[in-house]
Amino acid sequence: MGSHAVLVGILEALEYAHSVKDARGRPLGIIHRDVSPANVMISRSGEVKLLDFGIARAAERGDLSIPGALQGKFAYMSPEQASGGELDGRSDLFSVGVLAWELFAGVRPFDGETNLSTLDRTRHHHPGSLADSCEDAPPEVVDVVDRLLAKPREERPPSATEAILTLKGLFLRRGVIVGSREVSAWLTNLLATVPEGLRDPGSSAFSLEE
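Everything in this summary refers to the structure shown in the same document. Keep in mind it's a predicted model, so treat the numbers as computed, not measured. (Residues numbered from 1 in each chain as written. Predicted model: local features only at pLDDT ≥ 70, side-chain atom pairs only at ≥ 80, totals over all residues. Heavy atoms only, no water.)

The helix and strand tally for the protein stands at 9 helices and 3 strands. Starting at the N terminus and ending at the C terminus, the protein contains elements arranged as α-β-β-α-α-α-α-α-α-α-α-β. As displayed, the protein offers around 11000 Å² of accessible surface, 51% of which is attributable to carbon and sulfur atoms. (Helix = DSSP H or I, 4+ residues; strand = E, 2+ residues; numbered from the N terminus. Areas by Shrake-Rupley, 256 points an atom, 1.4 Å probe, with all protein chains shown as cover.)

Before going further, it helps to examine the pattern of salt bridges. Within this structure, the stated rule accounts for 9 salt bridges. The salt bridge partner of glutamate 162 is arginine 147, with a shortest N-O separation of 3.0 Å. You can see glutamate 162 sitting in helix H8 (residues 160–174) and its partner arginine 147 sitting in helix H7 (residues 139–148), a full 15 residues away along the chain. The structure contains a network of salt bridges with shared partners spanning Glu102, Arg108 and Asp111. (Salt bridge = Lys/Arg side-chain N within 4 Å of Asp/Glu carboxyl O.)

All right, on to the sheet that holds strand S1 (residues 40–43) then. An order of S2-S1-S3 is seen for the 3 strands of this open sheet, with the pairing classed as antiparallel. Both outer strands of the open sheet, strand S2 (48–50) and strand S3 (205–207), are each paired with one neighbouring strand and no more. The sheet shows a mean angle of 25 degrees between the axes of neighbouring strands, direction not considered. Inspection of the sheet shows S1 paired to S3 by 3 bridges, in the antiparallel sense. Each residue of the ladder has a partner; that of serine 43, found in S3, is alanine 205. Contacts from helix H1 (residues 2–19) reach S1 and S2 within the one sheet, and its direction differs from that of S2 by about 40 degrees. (Pairing = 2+ DSSP bridges. Axes fitted to C-alpha atoms, helices over the stretch in contact; angles between N-to-C directions. Contact = heavy atoms within 4.5 Å.)

On to the environment of tryptophan 101, then. With respect to the helices and strands, tryptophan 101 occurs in helix H4 (residues 89–105). Between the C-alpha atoms of tryptophan 101 and serine 133, which are 32 residues apart in sequence, the distance is 8.6 Å. Once residues within four sequence positions are removed from consideration, tryptophan 101 is found in contact with Gly106, Val107, Arg108, Pro109, Pro127, Gly128, Ser129, Leu130, Ser133, Val145, Asp146 and Leu149.

Turning our eyes to something else, we now look at the pairing of S1. When S1 meets S2, the two strands line up antiparallel, connected through 3 bridges. When the bridges of S2 are listed, valine 40 appears paired with leucine 50. As consecutive antiparallel partners, S1 and S2 are separated by 4 residues, and within that stretch glycine 46 has a phi angle of approximately 100 degrees, a positive value.

Here we take up the side chain of aspartate 34. If you trace the backbone, aspartate 34 turns up in the loop between H1 and S1. Classification of aspartate 34 as buried rests on a relative accessible area of 7%. There is a polar contact of 3.3 Å between the side chain of aspartate 34 and the side chain of lysine 73. (Buried < 20%, exposed > 50% of the residue type's maximum accessible area, 1.4 Å probe, protein only. Polar contact = N/O pair within 3.5 Å; in protein donor to acceptor, adjacent residues only side chain to side chain.)

Bringing the packing of H1 against H4 into the picture now. With their axes 11 Å apart at the nearest point, H1 and H4 run at an angle of 170 degrees to one another. The angle between H1 and H4 falls in the class roughly antiparallel. As H1 packs across H4, the resulting crossing turns out to be right-handed. Together, Ser3, His4, Val6, Leu7, Ile10, Leu11, Leu14 and His18 of H1 and Gly89, Asp92, Leu93, Val96, Leu99, Ala100, Leu103 and Phe104 of H4 make up the contact between the two elements. (Parallel < 35°, antiparallel > 145°, perpendicular 65-115°, else oblique. Left-handed = near helix turned anticlockwise from the far one by under 90°.)

Right, here's the structure in full:
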């Protein structure tokens, strides 16, 4: 169940970022814009952290001066980001959906032969349900991931909080526990499959990309 806990951990990081406020209590409207495996770190103790808010900080300061400029990694962009449109937190949620699809199915849902074809597929291609690509994915994960990948953002969960509550509620009804212990065990099992010569025994954390 470690992969389930990783998904919840990423959503919890976005929940905090999307809701953070300034000293006067006004929402800062932070959007990560680059949710991808390279920016998800998992520690040996099972902590899940979302790194590299550089694009988000630049956008908040107004440093992104080119209207419609594409930021982030092509394969994980939302349709509106791929089109250079206005973004809100639901764009990050779409990126989580792509990442989750890859985590459970082992492939990305919109990959094309070139970056341009990937962007086009992100805007127009419907990959079907995660259940069609991963028979082992639990129904609760399928339901949330399918909603995260809705092309119209109005059909996605309105916030990371709702996605978290949906997942945790369904896990609770099934008696499934998701937490740092499960992530740690999952990571340990993964590292056991890596050839010893390629392992870094001194590393305390790994990116999801690794």
